[in-house]
Every structure is written in structure tokens, then in C-alpha cells.
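The lines below spell out each chain.
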Amino acid sequence: MEEQIMQQEQKEEKKKRKKKRTGRGLAALHILQHLCLAIAVVNLVSVILGTYVIVDTRDQTKVFNLRNEDEEAVFEDSLMFNSLFGESISDIICYGAIRGQMETDGKFDAKKKVDVTAFADRYNGVPSEYITAQYYLDDLIKWAQYGFQYEDVYMTAEEVNGFLSDSRTVTMVDLKNYSGGTVSYLNSDLSKATRVVDISGNILENGTIERENVNATILNNRYHTYEGKNIENYVSNWEEYYALCANVRKAAEDLNINYTEYLNYKDYYAAENTNIVYLIQRTIGDETQIFTNMDTKKLQTADLARELKQKCGKYVYYNPMNMQFDTNTMIEEATLRYILNGYEYAYPEDTQIMIGIKTSYPAMDAFSQGKNEFKSYVPYVWQYTVTAVVCAAFYLILLVVLTMHEGESRRKDTEEVVIRLRREDRIPTEFMILLAGAVGFLIFSGISTAVNYVWKSMDEFSLLIVTGAFTLLISMLFSFFYYSFIRRIKAKTLWKNSLIRRLCLWIKRCALYFYDHSAVIFRVFIPFVLFVAVNVGIAAFMGFRFGGRGLMLALLFLAVADGAVGWLIYRSVMARQLILEGVELIREGNLEHKIDEAGMHGDNLVLAKAVNSIGDSVKNAVETSMKDERLKTDLITNVSHDIKTPLTSIINYVDLIKRENVQNPKVREYIEVLDAKSQRLKQLTDDLVEASKISSGNIVLAWEKINLIELLNQTIGEFSEKFEEKALTPVVHAAKSSIYIEADSRRIWRVIENLFNNIFKYALPGTRVYIDVAIVNHNEDGKMAVLSIKNISAQPLKVNPEELTERFIRGDESRTTEGSGLGLSIAKNLTEVQKGKFEIVMDGDLFKVNLIFPVLESEKEK
């Protein structure tokens, strides 16, 4: 037997160790999964850092792929350098065109005159005849910044005559002597070929122009032309007015945009901020204009190309008039010509463009940044790529394996595989999805911020460390949500634990409720809707048919009808209230109560009759039960009395026989058996009589002050021999030496005696019996004396505590021990009769009884 127990214990220990190893193994696989993803991402970032270069240009961040670069190439011969150089050339050509609009003699000229129509249509060239107005440059820029405001007005013909001019101011340009592409006031000197004339409109005999009343949209003239005039002073009809307004607005908005670009270009391509050296020379008429970031005082224009080559390691020189193109870069002449075609309105044919790069890179710009990044180019990155691919594949394999085993556990007894849910798996599914989405959004935002800002300011080693740590965090967060959903799917709680399911169940319950109570709903809701519809219909008809008077009559009629309906509803509610009050009285024991059925109708009448019938039935059942109980009590009392008389004689004669000196051992044994059984029968009859008296209420109590501690000690003394017989050791803990209660001494003694007899019969031999007496404060009842008796049962307790206090119920189902099954029942009933409480608590084989009595007032004061 001992060997089997040891083998079983060894098997259990092996199972525990195996379970621990499995748990540790899965935890290790989870950690390995996170590490694989982190290593894969770090190697991928290493590949990106080794083959891609990020450079901040003037208006954006550009990424260059260096995988196609020759590992022996220098930065100045790379595709990356030439791409940056080509972008800078496009910027400078645009900058030159804008400087021509903004500057005079190399400085910003706020009072420069702008021909708004010619500027607005600058890409199409100057027409031979057009209506325009000239504004100062700063006025147009400020006007665009403040915004254009219009006003819709109605004008009479007379007001129109006062608003528009009688003549229109027309600018005429003689273009016969101009050739060679787009002719614009920005790339050509048109002063000698331009004349401005005023052309009269269709003037009538009275000296006015025939005009009509109109709804017009007028532009508020925030600024005037350089002549101090407004737009309407240059036009003679609305079509010309609206056209000139549109040209003013377009010119102002384009100039405002160009002014912002001008400031940006000016700062970015200043000599101290860039490694680019540029010079643009153009000749307009007899004037030669130079745009450059070099010192013009030291500039020698005799041989600009040679001077540029001396200053710069890489350069481009282009003179379209002389068809000269020279460069030591990959920039082609066609590329430069294509860029210039986009700004033909600003550059005449007699234009020279010289742009170079100081390859010593004295300034911090895109070229110096690109030079430094180019040094970190790693031409052979296949090792990092292979490592990233292997780790990513291993990560996916672990993901599949862990997904298959996630949440699985085995029962101790059956080895059945079950799914163990964690605390987070009980969060509603929708909340978990929203939380996962929020975390994903925060991660995406963090990555975007890191790429746009943090990436540029960190060295490569620090960047890899941060990338690895961030990847570990992302992997753990992903695992947290992913495996939670996997466990839900396996345990089939993904849908079961969702709010949508709960909503569907609620809707289902509501539908079933309406279906089950459809009769009531149709009886109440539909009549109510019809009643409201009739009210509204009558009021609407009377109001429409007879006006206000009819509406008043309809409202008066409806008020009377609604009052009658309200009275009926009130009567119905009051009848229902009477029924509820009757039910409450019957529930409290007033079985004689009858509900007055007068004035009730319909369901209320049926319900009142049913309640009255139930009251009669309950009354009859109670009377029958009480009659049966009295008959049973009388039977027990009579039978016990009839048994007690011959039993007394038997006990007396047995006692007389015992006094005779009987020598025969068998006879003496028979006498002892007769004595024991007759005493047991006497105890049983006494218990039956006691129980019948208690149940019938035929018991008289003699109240007196009793010291519970003294009574307990006396009882322990009387049961000492019995306890020693079974080696039971009483252990007493009392808070005080004396605790007084009010009870019947004989009845309370019977309660404690029954409990001690119960211990003697059913306690496990050789154990302790714990007896505790204390005073406890109860919020409702005040101070209470609590006597607690605990012992270990010799037999397994297979009954409920409530059943043990019923008559003839014994804890010993085999009934091999002496007892009537009435001891605990009598103890409980006697305790409750004496205003006490009797509680039984069982925990395994531990049997505990609590007796609770109110403490006497004198004892409470102490």
C-alpha cells in the first residue's frame, strides 16, 4: 500500500516537473521570437543605412539608393551628386526669374512697377493690344496677403455711368522688330515700342454712354495704381472690368507666392549657407543684369567661364546665344535647355548661366551632408540581408508553432487538453480591438516621428540600438494582442465575449418579450396610438374646416374625452393597487383578508378573484397542516406516555435483578444488555416528548440569569470521563471569566448536553475539542455572547448542515452508533426558543456549532 502511494506521488511529481518544463519552454520560445524579429529588423535597417542616403534639400528630404554606385567612385562623380546638382540648377534658374520680378540693381525694389495684365499672362507673351494697370510691387504682395474682398451691389444706369469710365485705357505694343521666342515685358525692353491711348466708348448725343441697370460684383480697391487710380478708371464696360480685376488678382497672388520663394531662395543660396556658386547674366535692351551670390565688386566679367572653373571643382556654363555649353558633370545641355524653356518669359537669348560647386565644401548644405553620408556606403550588404531573411523566417515558424500551442494546458486527473484564458482575455472583444488599433496608431505615429526627426540626429550605432529596443516593444505588444485573440478563438469566446453578441441577445430578449406579451402590448399600445391619432385628426380637421373657433371646440371636446379616459385609467390603477395590497397582506400571514371586487372589470376582476381563491387555498392548507401537526404531536405524546409506564417497570425490575448476586456470567451479560437498551429507550421517549412539546409550543420557560462560562465548565466536568474514554481533549478559550445571558437553566443545560453527547458519539478519537466563548458586537443586535464548539468528525460528513438539524437525521448513515437523530434538532429548537441562534458550519471533516445569545444589559454596560 505504501509503495503504491509512493509511486502515485512520484507520478504526480513528474507531471508537475513536466508542466513546469513545458511552461518554461514556451516562455523561452516567446523570448526567442521577440529576439528574432529584433535581429531581423536591425539587420534590415543596417542594409538601408548602408545602401540608402537621406539628404535634406531646400524643400524636401530626398532618399538616394546607392546600390548601383561603383564602390570606387568618389562623391562628385556619383549619380547622387549629379542629381543634387541638377536640382540646384533648376532652383537657381527659377530664383533668377523671380529676382528679375523683385529686384532692381540687385536689391529688392518695393516700388517696382508691375504691369498686371502682362505679368498675369507672362507665359503666353505680350499681346499687341490689351487693357492693363500698373501697381507697385509691395502693394500687390500685401493685397494678396490681406485677401481680395468683393461686394455684390445693384446699380442703376446712372450709377454705372458714374462708376465706369467713359473711355478705356489701352496699351499698344509694336512687336514687328521683336523675334526669337516669347516676348515678355520681363525679357524684353518694350518701352520704345509701347504706347498708351484712351479709346472712347459708344457715346450718345448727350455725351454719355448707353448703359443699363445691373447687379454687379465690385472689387474693393484696397490699393491704387501708381497713378493713384482704381481699376474702374481704366475700363468702359463690365467685361473689361471683370477681366482687369481677374488679372490684378492673379498677378498679386503669383507675386505673393514668388515673394515667399524669393526669401527662401535668398537665404538658402546665400554665399555663407551654400557651396553653390552661381552667376546669371542677361541683357535686356541696353541694360545688362547680373544675378549672383558672389561679390560683384571683385567679379571679372571678361571671362566668366574661366573664373568659374577656378573657383569650383564642378561646374556648368551655358550661353544659348553663342551656343556654348561646358561642364565637367553628368548634366547635359538638353537638360539645361529644357529647364530654361519653362522660364522663357524671364530669359532672353542673350543670357549666360554659370553654376558651380565648391568641392572643398566649406558650408553645411545638402552637398556637404551628401558627401558625409556617401562615405558610409557599404557595397556588400548580402550578409545583413541573409541574416534578416533567416531571422524573419524563423520568427514566422515560431509564430506558427506558438499559435498552435497557445493557451493549451492539461488537466491533472484526465490529461485532457483545455484552454486557459488570462485576465486580459476577459476584456470585451470590441474594446480589445479598439485598444489594439489605438496602440497600432501610436506605434505608426512614433515610427513616422522617428523617421522624420530622430533618425537624422543620431549616429548609426545609436540608431541600431534604438531600432532593436523599439522592435522588441512592438513585438511584445503585437504578441499581447495576437495571442489573446488566438486564445479567444480556441476557447470559442471571441464572439461569446463580444459586446455585439450581448446587444444581439438583448434585442432577442426584447423581441421574445414583445412576442410573449403581444396580447398586452396590442391591448395597451395600439389603442393608445389610435387614441392619439384620433385626437390629432379631430384637432386638425376642426382647425382646417372651421379655423380658430373650430379648433377651440375640438380642444374642449378632446379635453372632456381625455378626462374620461384618464378617470378610467385611474380606476384601473387603483384597482391594481388594491390587488397588490391584498397580495402583500396575504404574504404577511393575514389569510382572512379578502379583496373587494366591487367596481373591478376585465383582467383586474379575474386577478382579484384569483388572489382571493389563493388566500382561501393557503388558509385551508395551513389549517390542515396544523391539524396534522397536532395529531402527530398527540400521537407521539400518547405513545411515549404508554411506553413510559411499562418501561419504568422494566428499568426498576432490571435494577432489582442487578442487586441480586447473580454468579452466572451469561445472565449478568444479559442483565447489562437489558439495562443499556432500556436506558436508551427511556432517553428516546424523553427526546420524543421534548421534541413534541417544542414543536407544539407547549413549553414553559423559567427565565433566569445564567453564567455561561460556569455552565460550560460544569458540563465539561461531567463529560470528562466520557471524553477520556475516547481520548478527546477539550481546549477552552474564554474572553472573560463570566459572561451572563438570560435563559432557562434546564433548557440551556439540555442544549449543551446534547452538543457534548454529539461530540462523544461522532468525534474522531484522540483529537482536540475547541470551545471558544467571546462577546461580539453585532451592528443590528448589539453585543452577543458566542459559544463556538469545534471537533473533527470520525466519519465523512456527507449531509448538508441544514439536514443535520432535522428530526431523525444522523451523520452516521450506517446507524452503528447510539443516538435517536433528535439531539441537534432539540438543541436548535431550544436555542431559538430562548431567543438565541443556532449555526452549524462544516469544512471537510471539521464540524462546528455556534450558539449566539444576547448579553444581559448589566453585562453590556461593563
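Residues numbered from 1 in each chain as written. Predicted model: local features only at pLDDT ≥ 70, side-chain atom pairs only at ≥ 80, totals over all residues. Heavy atoms only, no water.

**Some remarks on the pairing of strand β24 (residues 837–843)**
So, step 1. Note that β24 and strand β25 (residues 846–854) share seven bridges and pair antiparallel. When the sheet's bridge partners are listed, M842 is paired in β25 with F847.
So, step 2. Linkage of β24 to β25, two consecutive antiparallel strands, is achieved through a turn of two residues, within which G844 is found at a positive phi near 70°. (Pairing = 2+ DSSP bridges. Helix = DSSP H or I, 4+ residues; strand = E, 2+ residues; numbered from the N terminus.)

**A closer look at the sheet that holds strand β6 (residues 129–131)**
So, step 1. Spatially, the three strands line up as an open sheet ordered β6-β9-β10, and their pairing is antiparallel. Where the open sheet ends on each side, the last strands, each with one partner, are β6 and β10 (194–200). Direction aside, the axes of adjacent strands within the sheet are offset by 35° on average.
So, step 2. Across three bridges, β6 lies against strand β9 (residues 167–173) in antiparallel orientation. The residue bridging E129 from the neighbouring strand is M172, located in β9. (Axes fitted to C-alpha atoms, helices over the stretch in contact; angles between N-to-C directions.)

**Digging into empty space enclosed by the protein**
So, step 1. Counting across every chain of the model gives three cavities of 30 Å³ or more.
So, step 2. Taken as a whole, the largest cavity encloses approximately 90 Å³ of empty space.
So, step 3. In terms of lining residues, the largest cavity is bounded by 13 residues, among which L84, S88, Y268, Y269 and A366 are the most central.
So, step 4. Contributing elements (two or more residues each) for the lining of the largest cavity: α2 (79–102) and α9 (366–374). (1 Å grid on protein atoms, 1.4 Å probe; cavity = no way out; pocket = protein on both sides within 12 Å on 5 of 7 lines; lining within 4 Å. Points joined across faces, edges and corners; volume = space filled by probe spheres on them.)

**Overview of helix α19 (residues 745–762)**
So, step 1. Here α19 contains 18 residues, and its C-alpha end-to-end distance of 26 Å stays within 8% of the 26 Å for a straight helix at 1.5 Å per residue.
So, step 2. Counted residue by residue, α19 has 13 buried out of 18 residues, so it is predominantly covered.
So, step 3. For α19, the N-terminal cap is D744; the gap from its side-chain oxygen to the backbone nitrogen of R746 is 3.0 Å. (Expected span 1.5 Å × (residues − 1). Buried < 20%, exposed > 50% of the residue type's maximum accessible area, 1.4 Å probe, protein only. Polar contact = N/O pair within 3.5 Å; in protein donor to acceptor, adjacent residues only side chain to side chain.)

**Section: a nonpolar patch on the surface**
So, step 1. On the surface, L32, F394, I397 and V401 cluster together to form a nonpolar patch covering roughly 310 Å² of accessible area.
So, step 2. For the nonpolar patch, the leading source of residues is helix α10 (residues 382–405), giving three residues.
So, step 3. Its place among the elements puts L32 in helix α1 (residues 2–51). (Patch = residues over 30% accessible without salt bridge, like charges linked within 9 Å, V, L, I, M, F, W, Y side chains within 5 Å. Areas by Shrake-Rupley, 256 points an atom, 1.4 Å probe, with all protein chains shown as cover. Salt bridge = Lys/Arg side-chain N within 4 Å of Asp/Glu carboxyl O.)

**Some points on the sheet that holds strand β22 (residues 768–778)**
So, step 1. Strand order in the open sheet formed by five strands is β20-β22-β23-β25-β24, with mixed pairing between adjacent strands. Two strands close off the open sheet at either side, each with one partner strand: β20 (729–734) and β24. Averaged over all pairs of adjacent strands, the angle between their axes in this sheet comes to 20°, without regard to strand direction.
So, step 2. The pairing of strand β23 (residues 782–792) with β25 spans nine bridges and is classified as antiparallel. Paired with N791 across the bridge in β25 is F847.
So, step 3. Along the sheet, α19 contacts β22, β23, β24 and β25; its crossing angle with β23, the most-contacted strand, is approximately 25°. (Contact = heavy atoms within 4.5 Å.)

**What to know about the packing of aromatic side chains**
So, step 1. The final tally for this structure, using the stated rule, is 27 aromatic pairs.
So, step 2. Both rings, one in F163 and one in W238, keep their centres 5.8 Å apart while their planes meet at 20°; by these two values the pair is stacked. Here F163, found in helix α5 (residues 157–163), pairs with W238, found in helix α6 (residues 238–268); they are 75 residues apart in sequence, far enough to count as distant.
So, step 3. You can call W238 buried: its relative accessible area is 16%.
So, step 4. An aromatic cluster of three or more residues is present, and its members are Y95, F108, Y259, Y262, Y265, Y268, Y269 and Y278.
So, step 5. Lying over the aromatic face of Y136, K111 brings its terminal NZ or CZ to 5.0 Å of the ring centre.
So, step 6. Above the plane of the ring of F119 lies R122, whose end atom (NZ or CZ) is 4.2 Å from the centre. (Phe/Tyr/Trp six-rings, centres within 6.5 Å; stacked < 30°, edge-to-face > 60°. Lys NZ or Arg CZ within 6 Å of the ring centre and 35° of its normal.)

**Observations concerning the side chain of T403**
So, step 1. For T403, the location among the structural elements is in helix α10.
So, step 2. A distance of 2.9 Å separates a polar atom in the side chain of T403 from a polar atom in the side chain of Y482.
So, step 3. Apart from the residues lying within four places of it in its own chain, the contact partners of T403 are Y482, Y483, I486 and K490.

**Re the packing of helix α17 (residues 708–718) against α19**
So, step 1. Where α17 meets α19, the closest approach of the two axes is 11 Å, and the angle between their N-to-C directions is 45°. In this view, α17 runs oblique relative to α19, as classed from their interaxial angle. Read as a crossing pair, α17 and α19 show a hand that is right-handed. On the side of α17, the interface is formed by L711, L712, T715, I716 and E718, while α19 contributes I748, W749, I752 and F756.
So, step 2. Across the contact of α17 with α19, the residue classes tally to seven nonpolar, one polar and one charged. (Parallel < 35°, antiparallel > 145°, perpendicular 65-115°, else oblique. Left-handed = near helix turned anticlockwise from the far one by under 90°. Nonpolar A, V, L, I, M, F, W, Y, C, P; charged D, E, K, R; others polar.)

**With respect to the layout of surface pockets**
So, step 1. Of the voids in this model, the second largest pocket is the one considered here, and its volume is about 970 Å³.
So, step 2. Around the second largest pocket sit 38 residues that line it, and K113, Q134, Y185, S188 and D189 are the ones nearest its centre.
So, step 3. Of all the secondary structure elements, the ones that give two or more residues to the lining of the second largest pocket are α2, β3 (103–104), β5 (113–115), β9, β10, β12 (276–284) and β13 (287–292).
So, step 4. With five residues, the top contributor of residues to the lining of the second largest pocket is β13.

**Here's the deal with the pattern of salt bridges**
So, step 1. Per the counting criterion, the structure on display carries 17 salt bridges.
So, step 2. The salt bridge involving D77 is made with K314; its shortest N-O contact spans 3.2 Å. Linking D77 in the loop between β2 (61–65) and α2 with K314 in strand β14 (residues 314–319), this pair joins segments that are 237 residues apart in sequence.
So, step 3. Exposure remark for K314: the relative accessible area of 12% places this residue in the buried category.
So, step 4. The salt bridge involving R99 is made with E103; its shortest N-O contact spans 2.9 Å. The same class applies to R99 as to E103, namely buried.
So, step 5. A network of salt bridges, in which partner residues are shared, links R58, D59, D91 and E261.

**Concerning a negative patch on the surface**
So, step 1. On the surface, a cluster of negative charge is contributed by D105, D189, D286 and E287.
So, step 2. Along the chain, D286 falls in the loop between β12 and β13.
So, step 3. Owing to a relative accessible area of 78%, D286 belongs among the exposed residues under this scheme. (Lys, Arg positive; Asp, Glu negative; His and termini not counted. Charge placed at Lys NZ, Arg CZ, Asp CG, Glu CD.)

**Looking at unusual backbone geometry**
So, step 1. Positive phi outside glycine occurs at M323, with the angle close to 55°.
So, step 2. Checked against the element boundaries, M323 lands in the loop between β14 and β15 (324–327).
So, step 3. Looking at M323, the relative accessible area reads 71%, which means it is exposed.
So, step 4. Of note, K492 is a non-glycine position whose phi angle comes to about 60°, a positive value.

**A word on the nonpolar core**
A general trend in soluble globular proteins is that nonpolar side chains are found buried together.
So, step 1. Within the largest apolar cluster, 75 residues are counted, with the highest numbers of intra-cluster contacts made by M80, F85, I89, I93, W238 and Y241.
So, step 2. In terms of residues, this core owes the most to one element, α2, which gives twelve residues.
So, step 3. Setting aside chain neighbours within four positions, we find I89 in contact with V316, I331, L336, I339 and I355.
So, step 4. In terms of nonpolar packing, the next biggest core, distinct from the first, is built from 37 residues, L708, I748, L755 and F756 among them. (Core = buried A, V, L, I, M, F, W, Y, C linked by side-chain atoms within 4.5 Å.)

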